[in-house]
Amino acid sequence: PSTSAAQFVAPSSDRPAVNVLPPLVSAAGIAREVTVESLTKKIRVLGQLEDSFIIATDPEGLLLIDQHVAHERILFDKYRALEAARTSESQNLLVPETFDLTPAQAAAFDAVAGELESYGFALMRLSGRTVAIKAVPADLPPSEARNILAEVLETIDAEKRGAARATLRDEIAASLACRAAIKINMPLTEEKMRWLIDRLLTTSSPTTCPHGRPIILRLKKRDIEKAFHRP
Ligand SMILES: [Zn+2]
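## Description of the nonpolar core
Alright, step 1. Ranked by size, the top nonpolar core spans 33 residues in total, and within it Tyr79, Leu116 and Leu176 carry the most contacts.
Alright, step 2. Listed by contribution, the elements that provide at least two residues to this core are helix 2 (67-84), strand 5 (90-100), helix 3 (103-118), strand 7 (130-137), helix 4 (145-155) and helix 5 (165-180).
Alright, step 3. It is helix 5 that provides the largest number of residues to this core, a total of seven residues.
Alright, step 4. With residues up to four places along the chain from it excluded, the contact list for Leu176 reads Tyr79, Tyr119, Phe121, Pro137, Leu140, Ile148 and Val152.
Alright, step 5. In terms of nonpolar packing, the next biggest core, distinct from the first, is built from 20 residues, Ile65, Ile74, Met193 and Leu196 among them.

Dropping the structure here:
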């Protein structure tokens, strides 16, 4: 949905002057998803909005970057590449943790145990529905091993279990990436924001997250000028 500049002008002259002002929501209508082709390395970081969105400029205008999905894309590509090359990294737990699977989780576990190992999990099925977690993939907090495994198994729900292996591997990578990524409402240093943008630009798809959400919005210079009623 886009808001044209024409809507900023009051349609009839008998309205009070205050109605001539554009509604606040009009700004949302002119911040649009960016295309990969329009991205360059000339991105300058200005700051952070609400500890959640990076504010930056590029030659075409003002950029808003969702820090969580940006990092998610970086980690998704990393997990997929390491898995494809069979070089996944693991972090060993000091003490293995045991995890009691629900019947649904146990069925999911049986379907994807091999994939989980190839991402860096070290798992051992004990008696019944109990699993020992000995290691978790890189970048994830080992202290949350149980939650991470539960979340991954949750994404492999019944209908997906019959899906192609590549689809299952993507689902697992997306779940791990979401878990490991920087959250929103987290203050970032300028260096960290710079790192995120530089790394994002090297990924397979810098403008969309693994689940298809936009990562970067742009307010074009021309639209800013129009909104200020500049010719
Ligand atoms: Zn996420």
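After that view, the rundown keeps rolling.
## Notes on the side chain of Glu97
Alright, step 1. Here Glu97 shows up in strand 5.
Alright, step 2. In this structure the side chain of Glu97 is engaged in a polar contact, spanning 2.8 Å, whose partner is the side chain of Arg146.
Alright, step 3. When sequence neighbours within four positions are dropped, the list of residues in contact with Glu97 reads Val131, Ala132, Ile133, Pro142, Ser143 and Arg146.

## A closer look at the coordination of the zinc ion
Alright, step 1. With distances of 1.9 to 2.3 Å, the protein atoms coordinating the zinc ion are His68 (NE2), Glu72 (OE) and Cys178 (SG).
Alright, step 2. Considered as a linear motif, the donors of the zinc ion on their single chain read H-x3-E-x105-C. Of this pair, His68 and Glu72 both sit in helix 2, four residues apart, which is roughly one turn of that helix.
Alright, step 3. The class of His68 is buried, set by a relative accessible area of 11%.
Alright, step 4. The class of Glu72 is buried, set by a relative accessible area of 2%.

## Points about unusual backbone geometry
Alright, step 1. Even without being a glycine, Glu50 presents a positive backbone phi close to 55°.
Alright, step 2. As for its placement among the helices and strands, Glu50 is situated in the loop between strand 2 (44-49) and strand 3 (53-58).
Alright, step 3. Although it is not a glycine, His229 sits at a positive phi angle of roughly 60°.
Alright, step 4. Looking at the secondary structure, you find His229 in the segment after helix 7 (221-227).
Alright, step 5. A residue is classified by how much of its surface remains accessible, and His229, at 45% relative accessible area, is partly exposed.

Reading the values: the criteria
- Residues numbered from 1 in each chain as written.
- Predicted model: local features only at pLDDT ≥ 70, side-chain atom pairs only at ≥ 80, totals over all residues.
- Heavy atoms only, no water.
- Core = buried A, V, L, I, M, F, W, Y, C linked by side-chain atoms within 4.5 Å.
- Buried < 20%, exposed > 50% of the residue type's maximum accessible area, 1.4 Å probe, protein only.
- Helix = DSSP H or I, 4+ residues; strand = E, 2+ residues; numbered from the N terminus.
- Contact = heavy atoms within 4.5 Å.
- Polar contact = N/O pair within 3.5 Å; in protein donor to acceptor, adjacent residues only side chain to side chain.
- Donors = N, O, S within 2.8 Å, 3.2 Å for Na, K, Ca; no water.

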